[in-house]
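Listed below, chain by chain, are the residues.
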Amino acid sequence: MGAIEITGIHKSFGKTEVLRDISLSIKSGEFVAVLGPSGCGKTTLLRTLAGFEKLDKGEIHVDGRCLSGRDIHLSPEERGIGVVFQNYALWPHMSVEQNVSYSLKVKGMSRTERTQRTKDVLELVGLDRLANRRPADLSGGQRQRVALARCLAMQAGVVLLDEPLANLDVHLRATLEEEFSRFHQRSGATMFYITHDQSEALALADRVAVMDKGRIAQFATPSKLYLEPSNEMVAGFIGEGKLMDVSNLTPSDDGMAHANLFGKPIRLRCASSASARSQARISFHPSDLSLATAKEEGIPATVKRLTYRGDHLRAEVAPVPAPDVSLTLNVAPPFSIEQGQHVSIALNDGWVLPDPQFA
Amino acid sequence: MSDLAVEQERPERAFRLSRLKLSGEMRLIICLALFVGLLSIAPLGRLVYAAFFTDGSLDLERITHILGGRRVLQATGNTIWISITSTLLASVIGTLAALLVGMTDMKARTAWVFGFVLPLMIPPQVTALAWVQSFSPASPLLAPLGLTLEPGMRHPLYSSGGIIFLLGLYNAPLVFLSVRASLRRVPANLLEAAQSAGAKPLPVVLDIILPLVRSGIFAGAALAFVSSIGNFGIQAMLGIPARVPTLITMIYRRLNSYGPSALNDMALLALLLAVLTIIGMTITGWLGRQGDQRVDGASITLRLSLGRWHWPVATLAWGYLAAVLVLPLSSLAGSALVRGYGQPLTLDTLTFENFNNALFRHEGIREAFATSFMLTGLTVFILIPVSIALGYFLVWRTGFLSKLLHLASELAYALPGIIIGVAMILFFLRPLPLVNVSIYGTIWVIFAAYLSNYLALALRPILGGFAQVDRSLNEAAQIAGAGILSRLRDIVLPVLAPSAAAAAILVFMTAINEIQTSVLLVSSRAQTIGPMIIFLEEAGSSTLAAAVGCLMVLLILSLMLVSLCFSKFLPKGVLPWRD
Ligand SMILES: Nc1ncnc2c1ncn2[C@@H]1O[C@H](COP(=O)(O)OP(=O)(O)O)[C@@H](O)[C@H]1O
Ligand SMILES: [Mg+2]
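A quick note: this is a predicted structure, and the numbers were derived from the prediction, not measured.

Residue and element names in this part refer to chain B. The residue Met552 is located in helix α25 (residues 542-565) in this model. Judged by relative accessible area, Met552 falls into the buried class, the value being 0%. Separated by 23 residues in sequence, Met552 and Ile529 have C-alpha atoms that sit 8.7 Å apart. Among residues more than four places away in sequence, those in contact with Met552 are Pro123, Gln125, Val126, Asn513, Ile529, Gly530 and Ile533.

Residues and elements named next belong to chain B. Counted residue by residue, helix α20 (residues 472-479) has 8 buried out of 8 residues, so it is predominantly covered. Buried residues of α20: Ser472, Leu473, Asn474, Glu475, Ala476, Ala477, Gln478 and Ile479, and no others. Where α20 ends, the next residue or the one after it, Gly481, has phi of about 100 degrees, a positive value.

All right, on to a positive patch on the surface then. There is a patch of like positive charges on the surface, built from Arg70, Arg71, Arg154, Arg243 and Arg253 of chain B. Within the secondary structure, Arg71 of chain B is located in helix α4 (residues 70-103).

Turning to the site of ligand 1, a few remarks are in order. Residue and element names in this part refer to chain A. Taken together, Phe13, Val18, Ser38, Gly39, Cys40, Gly41, Lys42, Thr43 and Thr44 make up all the residues around ligand 1. Here an oxygen atom of ligand 1 and a backbone polar atom of Gly39 are 2.6 Å apart. Within the backbone of Gly41, one N or O atom sits 3.1 Å away from an oxygen atom of ligand 1. The protein chains hide 55% of the 560 Å² of surface that ligand 1 would expose on its own. The class makeup of the residues in the shell around ligand 1 is 3 nonpolar, 5 polar and 1 charged.

Per the UniProt record, "domain: ABC transmembrane type-1" (unreviewed entry) is annotated on residues 76-284 and 369-563 of chain B. Secondary structure over residues 369-563 of chain B splits into 76% helix and 0% strand, and the C-alpha atoms at its two ends are 21 Å apart.

Here the focus is the interface of chain B and chain A. Taken together, the contacts link 24 residues of chain B with 25 residues of chain A. Interface area, chain B with chain A, both sides summed: about 2000 Å², of which 61% is carbon and sulfur. Joining chain B to chain A, the criterion identifies 2 salt bridges. At the boundary of chain B with chain A, the tally comes to 8 residue pairs in polar contact (both at pLDDT 80 or more). When residues of the side of chain B that touches chain A are traced back to their parent elements, those giving at least two are α1 (2-20), α20 and α21 (484-495) of chain B. When residues in the side of chain B that touches chain A are grouped by element, the largest group, 7 residues, is from α20 of chain B.

As enumerated under the stated definition, the model contains 17 aromatic pairs over all chains in all. Relative to Phe466 of chain B, the ring of Trp396 of chain B has its centre 5.1 Å away and its plane inclined at 90 degrees; by these criteria the two rings are edge-to-face. Here the residue Trp396 of chain B occupies a position in helix α16 (residues 363-396), and Phe466 of chain B occupies one in helix α19 (residues 443-467), the gap between them amounting to 70 residues. Taken together, the ring pairs connect Trp112, Phe116, Phe176 and Tyr320 of chain B into an aromatic cluster. Positioned above the aromatic ring of Trp91 of chain A is the side chain of Arg150 of chain A, whose terminal nitrogen or guanidinium carbon lies 4.4 Å from the ring centre.

Residues and elements named next belong to chain A. Annotation of chain A at the domain level lists domain 1 (4-232) and domain 2 (240-352). Computed from C-alpha coordinates alone, the two centres of domain 1 and domain 2 are separated by 39 Å. Contact between domain 1 and domain 2 buries roughly 620 Å² in total, counting both sides, with carbon and sulfur atoms accounting for 48%. Area buried by domain 1 at its contact with domain 2 is led by Tyr226, Leu227 and Glu232, which between them contribute 68% of it. Counting across the interface, domain 1 meets domain 2 through 1 salt bridge. For the interface between domain 1 and domain 2, the tally reads 4 residue pairs in polar contact (both at pLDDT 80 or more). The class makeup of the residues in the side of domain 1 that touches domain 2 is 3 nonpolar, no polar and 2 charged.

About the criteria used
- Residues numbered from 1 in each chain as written.
- Chains lettered and ligands numbered in written order.
- Predicted model: local features only at pLDDT ≥ 70, side-chain atom pairs only at ≥ 80, totals over all residues.
- Heavy atoms only, no water.
- Helix = DSSP H or I, 4+ residues; strand = E, 2+ residues; numbered from the N terminus.
- Buried < 20%, exposed > 50% of the residue type's maximum accessible area, 1.4 Å probe, protein only.
- Contact = heavy atoms within 4.5 Å.
- Patch = residues over 30% accessible without salt bridge, like charges linked within 9 Å, V, L, I, M, F, W, Y side chains within 5 Å.
- Areas by Shrake-Rupley, 256 points an atom, 1.4 Å probe, with all protein chains shown as cover.
- Salt bridge = Lys/Arg side-chain N within 4 Å of Asp/Glu carboxyl O.
- Lys, Arg positive; Asp, Glu negative; His and termini not counted.
- Charge placed at Lys NZ, Arg CZ, Asp CG, Glu CD.
- Near = heavy atom within 4 Å.
- Polar contact = N/O pair within 3.5 Å; in protein donor to acceptor, adjacent residues only side chain to side chain.
- Nonpolar A, V, L, I, M, F, W, Y, C, P; charged D, E, K, R; others polar.
- UniProt positions renumbered as here; feature names shortened; annotations may be inferred.
- Buried area = accessible area lost by both parts, 1.4 Å probe.
- Phe/Tyr/Trp six-rings, centres within 6.5 Å; stacked < 30°, edge-to-face > 60°.
- Lys NZ or Arg CZ within 6 Å of the ring centre and 35° of its normal.
- Domains from an automatic or database assignment.

Here's what the structure looks like:
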C-alpha cells in the first residue's frame, strides 16, 4: 500500500508559481527523498500531498484513490497520510502515550484496543518506559521517535517528512538518520522525505527527486544522480559537480566517448543515444581529478590554494590554457605539493550531459 | 467501452458531491457568521436603518430638524470638547507615567503600576460617585482639613471642567499601557548610543524616546478618546446634575422620558455619536502612523538612574496615587459607613447598616447582583469558545469572511455601549420570529448585548495566544484524522488555556459592573448591578449607593488579586495591572 501517482500538478500563491508541472510516480514502500535548495517549493509539494494546500491543476492519487484533482480535494483528516513535521509538532499538553493514541481516539477505537495498540507501537520504537512523559521532558531523538510512533499508530501507508533533521546538530543527525531507515523497514510505508541536505538524501533514499524552482530536475537513484545527471542543474548541485566544455566529442559503442579538454584527449561516459558533436558539456566531481602520473599526459595547471582537510588536501588549481577556470581536486597524502607549484592533472572520469537541444 | 463511460462520469459526480458536502470548517464559520451577524451586524444595521427611515420612508426634513436642533448642537459641541480635552489630559498623564515606570529606576514599581491601573478597572459610575463624595463631611482625608462643602454650595465637579478632569484621570491608564508597550520595543542600544554621544537624560527622552513611542501615544490617545466619548458613568453622574448635556446623556434621558416612541430619533443621535467616535479614532490613528518608527534590535530595558531626583519624583508619583485613588475611595467608604449623607464620620456615626441593607435587606440590589453574576458568567461561558473558534479562522485560515466578522466585533466593542443598547432595543422590540416571544424587557436582551459588546474583548488575548502557537500542532491533529471541533477541543483549547483564562478574567471584570448598555435595557423585571448606583443616587440614597459602590470595588480588587496569583501561567502583557 502507498503507491503515489502525482500527475502534472501546478500551484501558485498569488502571482508566484511555486510548483510547475510536477509529475512523480512512486512505488509502494519506496523511500523517496525530495532534494532542492531552500525556497524551491519542497514544503509546498509536501503540503499538497498532505492536503493542506489545494491544487491549481493536476492530480494526486494514492493507491488509485484520487486525493486531489479537478473539483476534488480530500481534507487532510480524510487522507490517512502520516506527516512528521520539522519541529515534530508534538502536542505539549499530552503525554507521549496520548500523543501516539490520539489518532486512534478520534477514529473511535475502543479504549482497550487503543491502549494495546499504543503499547505495541511504543514498545516497537523503544519508548514504552517514557509513555507518561510530556514532550517537554524528552530529548530531541526521543521526540522524533514519538513523531514516528504517531505515524505507526495510525498505520499510515504514506509518511511525509519535512526536513526533520534540519534543526538538529550534526552529531545527532547520523543516529536519527538510521532511525528513519529502521522505521521504513519496520512499517513498510512509502516514505516521502524532504531535505535540502544531499548527503541525507543520497544516504537514505531509494530514489531522489531533485527539485529546482518548482520543477523536478531529475528523479532517479542516488548513484544515477551522481554518475549520470541529466542536466546542468543536477550536475552542479550533486556532489560538488563541476561543468566544463569539451570539443570533438566522438562516442564509441560501449557507452564511452572521446573528447578534448584543454587540447588534451580524455575518455568519458555518455548516454548510448549520444551523437558526435564538436562541442559538448560534461560534468565531473573533485574525486574524478587527480595529479597525473609521470606516464600520463595531463593538463598543465598552477596550484592557487590549498586547504587542509585532515585525510586529504583540497587543492584549487587553474589550468594553464584557461587561467580563469578553477578546478578542485583532492590530493592524498603524502602531501608534496605547495601553492604556486606547476602540476599536471588528469581527469579519470566524466559524464557527457545530454545535449539540451535534443533533450 | 463500458470502462470508458465510467471513467468519464467520475469527475462529474465528484464535482456535484463536493458542492453538496460542506466541510466541518465551513459549517463552523457559517455558525460564527450567524452568531456575529445576528448579534452585531444585524442590530447595528437596524439602527442605521431606523435612524434614516421612519415608517419605511426617508424623511430628510426630520433628520435636519433633529440634527440642527439647538439642544442637539449644544450636546454635540459638549461631547466633542469634553472628549478632546480629556483625551489630551489622559495622554499627558499616561505618557509621563509610562516614561517614569519604563525608563527610570523608580522603586516599588509593581505596586505603583497596580495602583495606577486600578482606576481603569473601577466602574466609572463608582469613580464619579466617589469623587463627588470626596468633599462630603464623611471624607476621612478632606474633612479633618476642613475642606468640605457647605450645604447649598455648588459642587466643583458638577461642571464640564469636572467631567473633563475625571475622564482624563480615568483614561490615563489606557495611554499608560499603550505607551509602556511601545517603550518595551525600543532597543536599548539606541539609548546607549545617544548617551555615549553625550546626551543628558532629558534630551534622550525628548529627542529619542518620545519620537519612537509616538505611535504608542496616539494609539493610547485613540483608546482614551473612544473611552471618553462613550463613558456614560462619569458623563451621567456629573453631567446631569450639572446640566451639561452630552449626546450620551441626552439619548439616555430622552429614551427614559419618551420610551420607544423616541427610538427613531435616538437611533439618529446614536448614529451621530458613532460617527464622531469613528472620526476621532481615524484621526488619531492617522496621526500615529505619520513618520517612520520602525526599529529593530533586541529591546533590553534601559533604566536611567533618578539619582538625587529620587525622592522628589517618588513623592510626586505616590502623591498622585493618593490623590486619585485614596482620596475618592476613602470618601466612598466614609459615606458608606454613615447613616445619612452629610454626616461626618466619627465613632458615634459609624454604622454598617448600609452594607447590611445592600447585601441582605434590599431585594433589588441583591437580585441585581445575582443577575449580573449570572449574565456575566454565561457571557464568558459562550464567548470563550466562540473567540477560540473565530481566532482559529483569523490566524490560521485567513479569509474574507473571518476578517469581516472580526471587524464587526471590533466595531461593536469600540462603539459606545449605549449605541449597542439602542440597537438592541430596536432589534428585539418586536417578538422573535418563529417562536413569537419577545425578549425585550427581559435579561436576555442584556445578555445579547453583552455577547455582541465583549466578543472583541475576549478575542484579543486569544489572538495573542494563537500568535505564539505553532500551527503545525493543529495540522498534526488534522493528519491524525481529527475534525475541526475535536481539534479545537483537544488541541487548541488546552494549548491556549492561559490566554483563554486571561480573556475570561477581562470579560468578567468588564461585564460584571457594566453600565453603558444595560442602563437602557434594564427594566423592573431585569436589573443589573452596574446602573444601580445611578438609580440609588437619583433616588437620594447616597449612602446606600456608596455601600454598593464599595462592594463593587471590593469585588474588582479581589478578582485582580486572584488573577495575580496565577499570572505566572499567563502570557506576558495580558493582565494590564501587572508590570
Ligand atoms: N502560504 C504561502 N503564501 C505565499 N507564498 C508562499 C506560501 N508558502 C510558500 N510560499 C512561497 O513559495 C516558495 C516555496 O516555498 P517552500 O515550499 O516553503 O520552499 P522550500 O520548502 O523548498 O524551502 C517560497 O518562495 C515561498 O515564499
Ligand atoms: Mg521547507
